[in-house]
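A look at the structure
Okay, here's what each chain looks like letter by letter:
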Amino acid sequence: MTQETTQQNETINNQIRYVSHEIRNHLSICDMYSQIIKKNLEKEGISNNSIDNALNCIQKSIQIISSNVTDLKSINNNAKKIYDFETLCYKAIELSKAYIDDKDIEFETFIKNSTNILVDENRFLSCIVNIIKNGIESIEIKGKIIILSEIKNNKAIIKISNNGKQIPKTKQDTIFDCGYTTKDSGSGLGLNICKKYIESQNGTIKLNKSTKTETQFEITIPIN
Ligand SMILES: Nc1ncnc2c1ncn2[C@@H]1O[C@H](COP(=O)(O)OP(=O)(O)O)[C@@H](O)[C@H]1O
Ligand SMILES: [Mg+2]
């Protein structure tokens, strides 16, 4: 390594440290305040499912960001544990609903059966959220997202469909490429990140179909 590259690496490392430090500081403020809100609501005897759900989603998102910040330090930040598949699916759906914003989108969820799966919760949730978010973004104003999950042939399977804009036939193989995006403010990283993580778990992710009426993605995770 040349002296110049060593210096560049050091500058990048410092930058990562500073940015991580600042992100963590502000994440802890968000976390603390969401806990304070929860406690105050309890004290006042206010019970509101929508507020509880929002606070739980905020806290889960904080954990996901925090785990991503840890990824900056180490590529082996993979905290695999056993989770109930159905519970994870519902958590991901709740997180994703934040992206509905002012669109008129109906969610239908069919969970056939469940089992324990061994995954890194934050990464797994991020993948499902990425797919549902894409589905929401493909719908202009009004539409439907359908989530089907089941355990079959020693695999946990989740199928996510929407009735938004079709992916052109010629682009259906390209969508998983790093940087491919058709959105003005897109990054083209979502599907690529999902594919990398799911495949690192010996799972699969594919586009089952994209027609004028339905686009469906399928993720499978092997059960050991
Ligand atoms: N459900 C979907 N419906 C229509 N197009 C999709 C869908 N999911 C992904 N795409 C297409 O694949 C591209 C890449 O998606 P992604 O990797 O998540 O990046 P981004 O969302 O930042 O564009 C999107 O820009 C879009 O063109
Ligand atoms: Mg995306």
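Everything below is about the structure printed above this text.
Small disclaimer: the values here were computed from a predicted structure and weren't measured. (Residues numbered from 1 in each chain as written. Chains lettered and ligands numbered in written order. Predicted model: local features only at pLDDT ≥ 70, side-chain atom pairs only at ≥ 80, totals over all residues. Heavy atoms only, no water.)

So, helix 1 (residues 3-44)
End to end, helix 1 covers 62 Å across 42 residues, agreeing with the expected 62 Å (1.5 Å per residue, within 8%). Turning to helix 1, its buried residues number three or more, namely Ser20, Leu27, Ser34 and Leu41. Its buried side turned inward, helix 1 meets helix 2 (49-73). Two residues or fewer past helix 1, Gly45 is found with a positive phi of approximately 70°. (Helix = DSSP H or I, 4+ residues; strand = E, 2+ residues; numbered from the N terminus. Expected span 1.5 Å × (residues − 1). Buried < 20%, exposed > 50% of the residue type's maximum accessible area, 1.4 Å probe, protein only. Contact = heavy atoms within 4.5 Å.)

Examining the sheet that holds strand 4 (residues 142-152)
Pairing in this open sheet of five strands is mixed, and the strands run 2-4-5-7-6 from one edge to the other. Because the sheet does not close on itself, it has two edges, and the strands there are strand 2 (104-111) and strand 6 (204-210). Ignoring strand direction, the axes of neighbouring strands in this sheet form an average angle of 15°. Where strand 5 (residues 155-162) meets strand 7 (residues 215-222), eight bridges bridge the pair, whose relative direction is antiparallel. Considered in strand 7, the bridge of Ser161 is made with Gln216. Along the sheet, helix 3 (residues 85-96) contacts strand 2, strand 4 and strand 5; its crossing angle with strand 2, the most-contacted strand, is approximately 180°. Along the sheet, helix 4 (residues 121-138) makes contact with strand 2, strand 4, strand 5, strand 6 and strand 7, crossing strand 5 at roughly 20°. (Pairing = 2+ DSSP bridges. Axes fitted to C-alpha atoms, helices over the stretch in contact; angles between N-to-C directions.)

A short note on the packing of aromatic side chains
Counted under the stated rule, the structure contains two aromatic pairs. With a centroid separation of 6.2 Å and 75° between ring planes, the pair formed by Phe176 and Phe217 is classed as edge-to-face. Of this pair, Phe176 sits in the loop between strand 5 and helix 5 (190-200) while Phe217 is found in strand 7, placing the two residues 41 residues apart along the sequence. Classification of Phe217 by relative accessible area gives buried; the value is 7%. The ring of Phe107 is capped by Lys97, whose NZ or CZ atom sits 5.4 Å from the centre of that ring. Over the face of the ring belonging to Phe176 we find Lys195, whose NZ or CZ atom lies 5.4 Å from the ring centre. (Phe/Tyr/Trp six-rings, centres within 6.5 Å; stacked < 30°, edge-to-face > 60°. Lys NZ or Arg CZ within 6 Å of the ring centre and 35° of its normal.)

Here's the deal with the site of ligand 1
In the vicinity of ligand 1 there are 20 residues, among which Asn134, Thr181, Thr182, Lys183 and Ser187 approach most closely. A distance of 2.8 Å separates an oxygen atom of ligand 1 from a polar atom in the side chain of Asn134. Here an oxygen atom of ligand 1 sits 2.9 Å away from a polar atom, N or O, in the main chain of Leu191. Relative to its unbound accessible area of 540 Å², ligand 1 is 92% covered by the protein chains. Counting residues per element, the ones that place at least two in the shell around ligand 1 are helix 4, helix 5 and strand 7. Here the shell around ligand 1 gets four residues from one element, more than from any other, and that element is helix 4. For the shell around ligand 1, the residue count by class is six nonpolar, eleven polar and three charged. (Near = heavy atom within 4 Å. Polar contact = N/O pair within 3.5 Å; in protein donor to acceptor, adjacent residues only side chain to side chain. Areas by Shrake-Rupley, 256 points an atom, 1.4 Å probe, with all protein chains shown as cover. Nonpolar A, V, L, I, M, F, W, Y, C, P; charged D, E, K, R; others polar.)

Observations concerning the side chain of Asn162
Along the polypeptide, Asn162 turns up in strand 5. Only 3.0 Å separates the side chain of Asn162 from the side chain of Ser138, close enough to count as a polar contact. Engagement of the side chain of Asn162 in a polar contact is seen with the backbone nitrogen of Gly164, the distance being 2.8 Å. When near neighbours in sequence (up to four residues on either side) are disregarded, Asn162 contacts Gly135, Ser138, Ile139, Lys144, Ile145, Thr213, Glu214 and Thr215.

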